[in-house]
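Observations on the three-dimensional arrangement
Take a look at the letters that make up each chain.
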Amino acid sequence: MEPLISQAKTMHHSLIEIRRAIHRYPEIGFQEHRTSQLIRTILQSYGVEILPLNKETGVVGIIEGKQPGKVVALRADIDALPVQEENDVSYQSQTPGVMHACGHDAHIACLLGAARLLVQRRNELKGTVKLLFQPAEELFGGAQSLIDQGVLAAPKVDVIFGLHTKPDIPVGKIAFKSGPLMAAVDVIRITVQGKGGHGAMPHTTLDPIVAAAAIIQGAQTIVSRQVNPLDAVVISFGSIHGGEANNVIPEKVEIWGTVRTFCPQLRSGMPERLRSMVTHIAAAMNTEVDMMYRHDLPAVINPENLQKFCRQSLEKVVGAEGLVAAFPCMGGEDFAIYQQQTPGVYFWLGTGSQSIGMDLQWHHPKFDIDEGALPYGAAALSQLTLDYLQDFAD
Ligand code: NI
């Protein structure tokens, strides 16, 4: 048969149509009703069976091959972001304040394209394919919600593949690496309790603002002085609140931050490192602290033993020169939740084109993709599936 990428390229126009239809009506996490309906309608038009779910958003399709075998899951996230679109394009978001600014509209089009290609090759398929259209990736709850609804079981999924648009990688290329790709995400909240008073008489107060400033500075020295510089860690504080007036020292200050790591051991030690730093600085300033540390997501780590397989399969789609090394990124992805349950591989689809100004980063109000990437995404997902079912058949 014709290579999948050639077949995918003949579907280019319909992939663009799908992507734009989704782009026009973005919906944020767990509110993807219209999006889910559109996905169901398109899957049904391809003859794909839809599995019943308890939740209203998210769709799972299933393609049974003509021969029994392993089970491959393919995952696309389907939610948009609370961003006001600033692109002046025909397919601009029609919903004020909501936008597909992370390219999940493209993920949907790629997975629907893969579904269509796989249905056409049902006779060759040695096993089963589950198509996971997952809600609420941006809220980090969507993967868990699908897992809770049993999508990785009965039949049990043997491997899961997923992709993400990548604006700094040119269209026609795919970036892949084994090992850590995206970081674990933790959340920290620190409340500094002092004693308020007049700003002109600081000696009568216990100033939580000065203590908070020292805590923020001190936390950065965990990164620079306590952790091996070859182990990546980020501590960023994105919110700090305390006080109302210029001359009043408040009673307390609240600080929120995010902690990103790859290494699981480093991650598990971070709460204690931070707690020690924060409580000692606070005590030195005669203030008290309360600290909350929450693990939100593990890191996305691609299994080493699938490296060779993935390279060979993806090279069929983009050629040896099109398959480039992915650089890890400290962003988080709830694809990691699936990888806790089943082997999974996540990779980046080049969607950037500097010449047409499509190189802005994720979540930017002018984020857009070069739609020439869509056939590569559809072909990559379907190629990995066909090859896995073939190579790993018992
Ligand atoms: Ni995203």
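Residues numbered from 1 in each chain as written. Predicted model: local features only at pLDDT ≥ 70, side-chain atom pairs only at ≥ 80, totals over all residues. Heavy atoms only, no water.

**Quick look at the overall build of the protein chain**
Quick note on the threshold: In this text, helices come from DSSP runs of H or I with a minimum length of four residues, and strands from runs of E with a minimum of two, each type numbered from the N-terminal end. We compute the radius of gyration from the C-alpha atoms alone; for a globule the expected value is 2.2 Å times N to the 0.38, where N is the number of residues. We call a residue buried when its accessible area falls under 20% of the maximum for its residue type, exposed when it is over 50%, and partly exposed in between, using a 1.4 Å probe and counting protein chains only. Contacts were defined at the residue level, with two residues in contact if any of their heavy atoms lie within 4.5 Å. All accessible areas in this document rest on Shrake-Rupley with a 1.4 Å probe, and a residue is counted as covered only by the protein chains that are shown. By the counting rule applied here, Lys and Arg register as positive and Asp and Glu as negative, while His and the ends of each chain are not counted. Charged groups are reduced to one reference atom each: NZ for lysine, CZ for arginine, CG for aspartic acid, CD for glutamic acid.
Along the protein chain, the regular secondary structure elements total 10 helices and 16 strands. Relative to the globule expectation of 21 Å for 394 residues, the C-alpha radius of gyration of the protein chain, 24 Å, shows essentially globular dimensions. Summarising its shape, the C-alpha atoms of the protein chain cover approximately 80 × 45 × 45 Å along the three principal directions. Considering the protein chain as a whole, with its 394 residues, one finds that 54% of them fall into the buried category. Considering only intrachain contacts with a sequence separation of at least 6, the fraction spanning at least 24 residues in the protein chain is 81%. Accessible surface computed for the protein chain: about 16700 Å², of which carbon and sulfur atoms make up 53%. The centroid of the 32 positive side-chain charges in the protein chain is displaced by 4 Å from the centroid of its 41 negative side-chain charges.

**As for the packing of helix H8 (residues 307–322) against helix H10 (residues 374–391)**
Rules: Angles here are taken between N-to-C directions and fall from 0 to 180 degrees, while the axes themselves are lines fitted to C-alpha atoms, restricted in helices to the stretch in contact. Here roughly perpendicular refers to angles of 65 to 115 degrees, roughly parallel to angles under 35, roughly antiparallel to angles over 145, and oblique to all remaining angles. For any helix crossing, the convention is left-handed if the near helix is rotated counterclockwise from the far helix by under a right angle, and right-handed if that rotation is clockwise. Any residue that is not Ala, Val, Leu, Ile, Met, Phe, Trp, Tyr, Cys, Pro, Asp, Glu, Lys or Arg is counted as polar, Gly included; the first ten are nonpolar and the last four charged.
Taken N-terminus to C-terminus, the directions of H8 and H10 make an angle of 135°; their axes are 9 Å apart at the nearest point. Considering their axes alone, H8 and H10 lie oblique with respect to each other. When you trace H8 past H10, the crossing you get is right-handed. Of H10, the residues touching H8 (which contributes Phe 309, Cys 310, Ser 313, Leu 314, Lys 316, Val 317 and Val 318) are Tyr 376, Ala 379, Ala 380, Gln 383, Leu 384, Asp 387, Tyr 388 and Asp 391. Residue classes in the contact of H8 with H10 are distributed as 10 nonpolar, 2 polar and 3 charged.

**Quick look at the coordination of the nickel ion**
Where we set the bar: Here the term donor refers to an N, O or S atom within 2.8 Å of the metal (or 3.2 Å for Na, K and Ca), and because water is left out of the atoms, sites may appear incomplete.
With distances of 2.1 to 2.3 Å, the protein atoms coordinating the nickel ion are Cys 102 (SG), His 104 (NE2) and His 164 (NE2). All donors of the nickel ion come from a single chain, and their spacing in sequence reads C-x1-H-x59-H. Of this pair, His 104 sits in helix H4 (residues 104–120) while His 164 sits in strand S5 (residues 159–170); the two residues are 60 residues apart in sequence, bridging distant segments of the chain. Taken as a pair, His 104 and His 164 share a single burial class, namely buried.

**Notes on the nonpolar core**
The condition that has to hold: Nonpolar cores are built from buried Ala, Val, Leu, Ile, Met, Phe, Trp, Tyr and Cys residues. Side-chain atoms within 4.5 Å join them into one set.
Counting 94 residues, the largest nonpolar core has Leu 74, Leu 131, Phe 133, Phe 161 and Trp 348 as the members making the most contacts within it. Element by element, the count of residues in this core is highest for H4, at 11 residues. With near-sequence residues (within four places) excluded, Phe 133 lies in contact with Ile 39, Leu 43, Gly 58, Val 59, Ala 76, Ile 78, Ile 108, Leu 111, Leu 112 and Leu 146.

**Focus: the domain arrangement of the protein chain**
This is how it is decided: Where each domain begins and ends follows an automated or database-derived domain assignment. Once two parts are joined, some of their accessible surface, as seen by a 1.4 Å probe, is lost; buried area is that loss totalled over both. Salt bridges are identified by distance alone: a Lys or Arg side-chain nitrogen within 4 Å of an Asp or Glu carboxyl oxygen. The definition of a polar contact used here is a pair of N or O atoms within 3.5 Å, where within protein one atom must be able to donate a hydrogen and the other to accept one, and adjacent residues in sequence count solely through side-chain atom pairs.
On domain assignment, one finds that the protein chain holds domain 1 (4–182 + 299–391) and domain 2 (184–297). Between domain 1 and domain 2, the residue contacts involve 14 residues of the former and 10 residues of the latter. When the two sides are added together, the surface that domain 1 and domain 2 hide from each other amounts to roughly 900 Å², 80% of it contributed by carbon and sulfur. Interface area lost by domain 1 to domain 2 is led by Phe 140, Ala 299 and Met 330, which between them contribute 62%. Along the contact surface separating domain 1 from domain 2 lie 0 salt bridges. Where domain 1 touches domain 2, the interface holds 1 residue pair in polar contact (both at pLDDT 80 or more).

**Regarding the state of the cysteines**
Filter applied, for reference: What counts as a disulfide here is a pair of cysteine sulfur atoms lying within 2.5 Å.
The tally for this structure, following the rule as stated, stands at 0 disulfides. Counting only cysteine sulfurs, Cys 102 is the nearest neighbor of Cys 329, a cysteine outside any disulfide, at a range of 10.0 Å.

**Looking at the sheet that holds strand S15 (residues 323–325)**
What counts here: By definition, two strands form a pair when at least two bridges between them are found by DSSP.
Spatial ordering of the open sheet is given by S1-S2-S4-S3-S5-S16-S6-S15, a layout of 8 strands whose pairing is mixed. Since the sheet does not close on itself, it has two edges, and those belong to strand S1 (49–50) and S15, each with one partner. Across the face of the sheet, helix H3 (residues 33–45) comes into contact with S1, strand S2 (59–64) and strand S4 (126–134) while running at roughly 15° to S2. Of the strands in this sheet, S2, strand S3 (67–77), S4, S5 and strand S16 (344–352) touch H4, which is tilted by about 160° from S3.

**Some thoughts on the pairing of S4**
The buried fraction of S4 is high, at 8 of 9 residues. Here S2 runs beside S4; their pairing, made up of 6 bridges, is antiparallel. Residue pairing across strands places Gly 61 opposite Leu 131, the latter belonging to S4. Pairing analysis gives 9 bridges linking S3 to S4, with the strands arranged parallel. Each residue of the ladder has a partner; that of Gln 67, found in S4, is Lys 126.

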